[in-house]
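Remarks on the overall topology
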Amino acid sequence: MPSRDDYRAHCDAYVAAVRDLCTAPESRAALGSGRGRPVDDCQRLHPFLSRLTRNHPDRRAHYTLAGLIAHERPDRHPTTPAPDPDHPRAWRSRPSLGATLARAAHGRTDGPFERELQVLIRLSEDLLHRRLPGLTRQLLGSGHPPDFAVLLADLTYWSSNRPSVATRWQDDFYLFTPTPTPPPASSAGTQETSST
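Anyway, here's the lowdown on the structure attached to this text. If you're wondering where the values come from, they're calculated on a predicted model, not measured in any experiment.

**Remarks on the pattern of salt bridges**
In the structure shown here, the tally under the stated rule is seven salt bridges. One salt bridge in this structure joins D12 and R94, with 2.8 Å as the shortest N-O distance. In this pair, D12 is assigned in helix α1 (residues 4-21) and R94 in the loop between α5 (89-92) and α6 (97-105), connecting sequence segments 82 residues apart. We classify D12 as buried; its relative accessible area is 5%.

**Points about the packing of aromatic side chains**
Both the distance between ring centres and the angle between the ring planes are used here to describe each pair of aromatic rings. Counting across every chain of the model gives three aromatic pairs. Between Y7 and Y157, the aromatic rings sit 6.2 Å apart at their centres with planes inclined by 70 degrees, giving edge-to-face as the arrangement. Of this pair, Y7 sits in helix α1 while Y157 sits in helix α9 (residues 148-176), placing them 150 residues apart in sequence. Seen from their ring centres, W158 and W169 are 5.2 Å apart, and the 25 degrees between their planes marks the pair as stacked. Per residue, the accessibility class of W158 equals that of W169, and both read buried.

**Here we look at unusual backbone geometry**
For N55, which is not glycine, the phi torsion reads 65 degrees and is therefore positive. Within the secondary structure, N55 sits in the loop between α3 (46-53) and α4 (59-69). Given a relative accessible area of 70%, N55 falls into the exposed group.

What counts and what doesn't
Residues numbered from 1 in each chain as written. Predicted model: local features only at pLDDT ≥ 70, side-chain atom pairs only at ≥ 80, totals over all residues. Heavy atoms only, no water. Salt bridge = Lys/Arg side-chain N within 4 Å of Asp/Glu carboxyl O. Helix = DSSP H or I, 4+ residues; strand = E, 2+ residues; numbered from the N terminus. Buried < 20%, exposed > 50% of the residue type's maximum accessible area, 1.4 Å probe, protein only. Phe/Tyr/Trp six-rings, centres within 6.5 Å; stacked < 30°, edge-to-face > 60°.

That's the geometry; what it means functionally is another story.
See the structure below:
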């Protein structure tokens with residue numbers, strides 16, 4: 001297993017490589033066919049991804065992520081931040097899926113994106129991979145694309161450390177979302193106080 005910093009650099013490089021593949025309609029269609037499916041069901045993806053995933057843990061996370069990236073329009077790929085080895089905090093400041101959901105929710109904690117988060121954090125690895133394509137389409141449609149490199153790292157650690165990843169997604173969602181303000185005191189209560 002590579003060091004954490006090396007693996008993060010790999011995640012950024014992998015996302016950039018898959019985005020390059022997606023500029024060709026044939027490879028983009030092939031990558032899109034594997035969305036959320038087990039690796040054994042993704043025969044069309046092997047010619048494109050075998051070299052990129054060799055010697056890296058959790059091949060399914062890589063294959064799922066390639067399918068998610070295939071949802072993006074190739075002419076609208078955001079710039080992937082260059083890794084900065086001198087500032088490991090830079091990675092931690094990048095948005096997790098929880099922060100992305102919070103941005104898409106526009107500060108609301110009672111909407112569909114919060115409910116989606118509460119479902120995601122309870123899913124098995126297989127069900128999580130199957131649910132991500134639909135969610136990714138929603139996020140891209142709302143103008144809030146996930147940071148795919150960060151998501152790849154989280155998917156890689158899901159099977160071995162799901163509680164930690166799930167807690168970070170929740171923290172990021174609620175820390176990004178403004179604290180709700182309490183409702184004003186009712187006028188009835190104010191009148192009772194003034195009459196005594």
